[in-house]
Amino acid sequence: MPTISKIEKNSSYLKVIWNDGEESKFNYMWLRDNCPSAHDKDSRHRMFNILEVSQDINPKNYNINKEGKLEIEWSEGDHISYFDQKWLRDNCYTIKNNKKYVSPYQLWDCSLEKDLQSIKIDHDEIISSDEGLIKWLKLLHYKGIAIVKNAPTEKKSAFPVLNRISHTRETFFKTPFEVINIPKPNNSAYTAHALRNHMDLPWFELPPGYQFLHCLVNDSEGGNSSAIDGFAVAEYLRKNEKEIFETLTSIPLKFRDKDYTQESHRSFHAPAISLTKDKDFHDIRFSVATMDALDCHPDVMDKVYKAHHRFGNLLHDKKFQINFRLEPGDIFSFNNRRILHGRTEFDPNSGHRHLQGYYMDRDEIIGRLNYLKK
Ligand SMILES: [Fe+2]
């Protein structure tokens, strides 16, 4: 564990030099706001209110005390803070910002189809061990896709394995939602038609982060599944077709729920590709079925449509897409805002096809994985 070897006072920060040569800048307001005494011991919420000190607050005196803590006597508020050196090092935003960002995502293309075994995990392994659960969560977070094998095939029987992660996300489709052909369908998923690669519910402000399609019966002809890594396609565009990438990340499209059973009009504007603070991929929004009549500025409509057209073609390109067939007891699990999914047409007279679908927020996947890894 590195220790502090030198401290210098500057206009708005303490410069700390560590014995391994690293340097940190600790802003005065940041230090005061993060004083260890600022938080309630039980709730861990901050009780101290930074608005009660002025923007000129600074250390009147500072030193490394006998216990090895950085002790700061503040210029106002009659307060002394004692900082643990390890805490300062672990939370040092200077060192964090100097580090190169490493994406957690493992992008994939059509070659995954030959290695489907690598994304499969046994249902009972998840139920009975944290190792199994962690393996599933890692596949979901890093690759965005997993197929749970040998789940029971009774209705609603995916709840126990999903609840190993967390609660599901409710929508008006109910949980689980039934993917089965019905008369006068309110959604194209409830037909026997082919479904182009799409995400679910792009017209929500926050579409569900993950989707789980539990196959109960699949013995009709057709109805094979497809999946494509939208982040891999976006990465291809970022590298090779910069102008299209720029259009897809900057100009909002419009999506709208057209479900005739709803007494609610839901719609949302968002770009086809959105990025995180580190310029990594955050979301893909793509759905031919539910993109609304666009209302972009007339000066950009042509380039928006051309970018959408190019993106959509790549999102169905053989180079990127995998094809597989769901078997009863499979739970096709994927990041709904990264992986697009589709299916071929099926013949409802040749047999039955019944999937039950569940949604979960992305926070639940990542939060649970971070907890279990520690
Ligand atoms: Fe879908």
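Residues numbered from 1 in each chain as written. Predicted model: local features only at pLDDT ≥ 70, side-chain atom pairs only at ≥ 80, totals over all residues.

Tallying secondary structure elements over the chain gives 10 helices and 22 strands in all. Along the longest, intermediate and shortest principal axes, the C-alpha atoms of the chain span 80 × 55 × 45 Å. When each of the 374 residues of the chain is scored for burial, the buried share is 32%. A sequence separation of at least 24 residues applies to 72% of the contacts in the chain between residues at least 6 apart. (Helix = DSSP H or I, 4+ residues; strand = E, 2+ residues; numbered from the N terminus. Buried ≥ 20, exposed ≤ 12 C-beta atoms within 10 Å, placed from the backbone. Contact = placed C-beta atoms within 7 Å.)

The next thing to look at is the sheet that holds strand S19 (residues 331–335). Across the sheet, which stays open at both edges, the 6 strands sit in the order S7-S8-S19-S11-S22-S9 with mixed pairing between neighbours. Lying at the two open borders of the sheet, with one neighbouring strand each, are strand S7 (120–122) and strand S9 (177–179). In this sheet, neighbouring strand axes are inclined to one another by 25° on average, regardless of whether the strands run parallel or antiparallel. Across 5 bridges, the pairing between strand S11 (residues 210–218) and S19 is antiparallel. Residue pairing in the sheet places Gln211 in a bridge with Phe334 of S19. Against the sheet, helix H5 (residues 130–143) touches S7, strand S8 (145–149), S11 and S19, its axis set at about 150° to S8. (Pairing = 2+ DSSP bridges. Axes fitted to C-alpha atoms, helices over the stretch in contact; angles between N-to-C directions.)

Right, let's get into the environment of Phe172. Mapping Phe172 onto the fold places it in the loop between helix H6 (159–163) and S9. As for Phe172 and Gln262, which are separated by 90 residues in sequence, their C-alpha atoms are 8.5 Å apart.

Moving on, we get to the domain arrangement of the chain. By a widely used convention, the size of an interface equals the accessible area lost when the partners come together. Looking at the assigned domains, one finds that the chain contains domain 1 (4–98) and domain 2 (110–373). If you average the C-alpha positions of domain 1 and of domain 2, the two centres end up 45 Å apart. (Domains from an automatic or database assignment.)

Take the sheet that holds strand S20 (residues 339–343) next. Spatially, the 4 strands line up as an open sheet ordered S10-S20-S13-S18, and their pairing is antiparallel. Among the strands making up the open sheet, the edge pair consists of strand S10 (195–198) and strand S18 (322–324). Across the sheet, the mean angle from the axis of one strand to that of its neighbour is 15°, orientation sign disregarded. Pairing analysis gives 2 bridges linking S10 to S20, with the strands arranged antiparallel. Residue pairing for S20: Leu195 is matched across the bridge by Arg343.

The subject of this paragraph is helix H7 (residues 230–240). Among the residues making up H7, those that are buried are Gly230, Phe231, Ala232, Val233, Ala234 and Leu237. Turning to H7, the residues buried within the fold contact strand S13 (225–229), helix H8 (242–250), strand S16 (273–275), strand S17 (281–284), helix H9 (301–314) and S20.

Here we come to helix H10 (residues 362–373). Helix length check: H10 (12 residues) gives 17 Å between terminal C-alpha atoms against 16 Å at 1.5 Å per residue, within 8%. All of the buried residues along H10 are Arg362, Ile365 and Leu369. Down the axis of H10, the smallest arc covering the buried residues is 70°, so these residues share one side. Away from the buried face of H10 by more than 90 degrees, exposed residues Asp363 and Tyr371 are located. (Expected span 1.5 Å × (residues − 1). Arc of directions from axis to C-beta.)

Working note: a packed helix pair is described by the angle between its axes plus the distance between those axes. With their axes 10 Å apart at the nearest point, H5 and H10 run at an angle of 135° to one another. By the angle between their directions, the pair H5 and H10 is classed as oblique. As for how H5 packs across H10, the hand of that crossing is left-handed. Contact with H5, carried on its side by Asp130, Leu133, Ile134, Leu137, Lys138, Leu140 and His141, involves Ile365, Ile366, Arg368, Leu369 and Leu372 of H10 and no other residues of that element. Residues of the contact of H5 with H10, tallied by class, amount to 8 nonpolar, 1 polar and 3 charged. (Parallel < 35°, antiparallel > 145°, perpendicular 65-115°, else oblique. Left-handed = near helix turned anticlockwise from the far one by under 90°. Nonpolar A, V, L, I, M, F, W, Y, C, P; charged D, E, K, R; others polar.)

Turning our eyes to something else, we now look at the environment of Gly223. Tracing the backbone through its elements, the reader meets Gly223 in the loop between strand S12 (221–222) and S13. Considering only alpha carbons, one finds Gly223 and Gly342, 119 residues apart in sequence, at a separation of 9.3 Å. Setting aside anything within four residues of it in sequence, one finds Gly223 in contact with Asn218, Arg343, Thr344, Phe346 and Arg353.

Before going further, it helps to spend a moment on the nonpolar core. Within soluble globular proteins, side chains that are nonpolar generally end up buried alongside one another. With 66 residues, the main nonpolar core has Trp136, Ala146, Val148, Val233 and Leu248 as its most contacted residues. Excluding residues within four positions of it along the chain, Val148 makes contact with Ile121, His123, Ile126, Trp136, Val161, Asp330, Ile331 and Ser333. The next biggest cluster of nonpolar side chains, apart from the first, holds 9 residues, and it includes Val16, Leu31, Trp74 and Phe83. (Core = buried A, V, L, I, M, F, W, Y, C linked by C-beta atoms within 7 Å.)

A word on unusual backbone geometry. Note that the residue after Thr175, namely Pro176, is joined by a cis bond; omega there is -5°. In the Ramachandran plot, Asp78 falls in the positive-phi region, its phi being about 50° despite a non-glycine side chain. Looking at the element boundaries, Asp78 is found in the loop between strand S5 (70–74) and strand S6 (80–83). We classify Asp78 as exposed; it has 6 C-beta atoms within 10 Å. You will see that Lys156, though not glycine, has its phi angle at about 65°, which is positive. Mapped onto the secondary structure, Lys156 falls in the loop between S8 and H6.

Right, let's talk about the packing of H8 against H9 for a bit. Relative orientation of the contacting elements H8 and H9 amounts to 105°, with a least axis distance of 9 Å. On the basis of their axis angle, the class for H8 and H9 is roughly perpendicular. Contact residues: Ile244, Thr247 and Leu248 in H8; Lys303, Val304, Ala307, Arg310 and Phe311 in H9. Residue composition of the contact of H8 with H9, grouped by class: 5 nonpolar, 1 polar and 2 charged.

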